[in-house]
Amino acid sequence: WYILNDGGKVYVNYSLNNTGNTFAYDPNISFSGDSSIGFHPNSYNFSDMKNGTSNNSYVFQINVSKLTSPGIYNITANISWRNPDNTMGSVRNVLTINVTSNKSMAFGPSTLNLSVGGGGQNSTTLTINSTGNDLLTNVNLSCLSGDACTSFTITINETNINISANDSKIVNFTFGSNRGLA
């Protein structure tokens, strides 16, 4: 098992062992699996193997994008060879990768600059980007501290916001002031 929570690379070192009683000709290893998982290289040809020997190992790189959905992914290593009588032999080995949920976000602009006269209001927008690999759920925005929180009435047009992975949502902020504020 390999566990990845923010995309990345996994290096797998494969070595072939000929445990049979005869030569194995043209041994090859190739990978198959989910299209969101990449392999480099996709296959490799080893040199012929005498019975009872092991071949040089080879390191493969498995690439998982940061946007790969959370879940269990099985990668199959397909190993094949030609026997002396020209029949083909093969074996499979399954590698399991667990991609965990990574909920993250970014927003912009980073600062809001507005002019609001006494008794007036002004609005602006904020874009929230879901930068992880999973659905952001029930996102709520609020003013936490400072003069803006105490001197203005702040209205946000969305609550309990849900944003899919690699998507964004534009939220409207309205700042209102009391008549006595100048």
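Residues numbered from 1 in each chain as written. Predicted model: local features only at pLDDT ≥ 70, side-chain atom pairs only at ≥ 80, totals over all residues. Heavy atoms only, no water.

1. Describing the state of the cysteines
As used in these notes, a disulfide is a covalent bond between sulfur atoms, one from each of two cysteines. Selection criterion: Any two cysteine sulfur atoms lying within 2.5 Å of each other are counted as a disulfide.
Taken as a whole, this structure holds one disulfide when the rule is applied. One disulfide in the model links C143 with C149; its S-S distance is 1.8 Å. Measuring handedness by torsion sign, the sulfur bridge of C143 and C149 sits at about -90° and is left-handed.

2. What about the pairing of strand β8 (residues 88-99)?
The following threshold applies: When DSSP finds at least two bridges between two strands, those strands are taken to pair. We count a stretch as a helix when DSSP gives it H or I for four or more residues in a row; a strand needs E for two or more, and each element gets its number in order from the N terminus.
In this structure, strand β7 (residues 71-82) lies alongside β8, joined through twelve bridges in antiparallel fashion. Within the sheet, the bridge partner assigned to A77 lies in β8 and is N93.

3. Comments concerning the side chain of N78
Selection rule: Residues adjacent in sequence count toward polar contacts only when both atoms are side-chain atoms; beyond that, a polar contact is any pair of N or O atoms within 3.5 Å, and within protein one must be able to donate a hydrogen and the other to accept it. Note on contacts: a residue pair qualifies if any of its non-hydrogen atoms lie within 4.5 Å across the two residues.
Inspection of the secondary structure puts N78 in strand β7. There is a polar contact of 3.3 Å between the side chain of N78 and the side chain of S32. Within the local environment of N78, its side chain forms a polar contact with the side chain of R92, the two groups lying 3.3 Å apart. Setting aside its immediate chain neighbours within four residues, N78 contacts N28, I29, S30, F31, S32, V91 and R92.

4. Some remarks on the environment of I154
As a reminder, the rule being used: Classification of residues uses two cut-offs on accessible area relative to the type maximum, computed with a 1.4 Å probe and protein chains only: under 20% is buried, over 50% is exposed, and between them is partly exposed.
Its place among the elements puts I154 in strand β12 (residues 152-156). The exposure class assigned to I154 is partly exposed, which follows from its relative accessible area of 25%. It is 9.5 Å that separates the C-alpha atoms of I154 and Q121, two residues lying 33 residues apart in sequence. For I154, the residues in contact, after removing those within four places along its chain, are C143, A148, C149, F173, T174 and F175.

5. Digging into unusual backbone geometry
Here the bond from H40 into P41 is cis, since omega is -10°, no more than 30 degrees from zero. The residue D26 is not glycine, and still its phi comes out positive at about 50°. With respect to the helices and strands, D26 occurs in strand β3 (residues 25-32). Here the phi dihedral of N160 falls at roughly 45°; this positive angle occurs in a residue that is not glycine. Tracing the chain through its elements places N160 in the loop between β12 and β13 (161-163). The class of N160 is partly exposed, set by a relative accessible area of 44%.

6. Brief notes about the nonpolar core
The following threshold applies: Nonpolar cores are built from buried Ala, Val, Leu, Ile, Met, Phe, Trp, Tyr and Cys residues. Side-chain atoms within 4.5 Å join them into one set.
Ranked by internal contacts, the top residues of the largest apolar core, which has 21 residues, are Y14, I29, F31, I37, I62 and I75. Those elements that provide at least two residues to this core are β2 (8-14), β3, β4 (37-40), β6 (58-64), β7 and β8. If one sorts the elements of this core by residue count, β7 sits on top with four residues. Among all residues touching I29, those that are not within four sequence positions of it are Y14, N42, S43, Y44, F46, F60, A77, N78 and I79. One finds V116, V139, I163 and F173 within the second-largest nonpolar core, a separate group that totals eleven residues.

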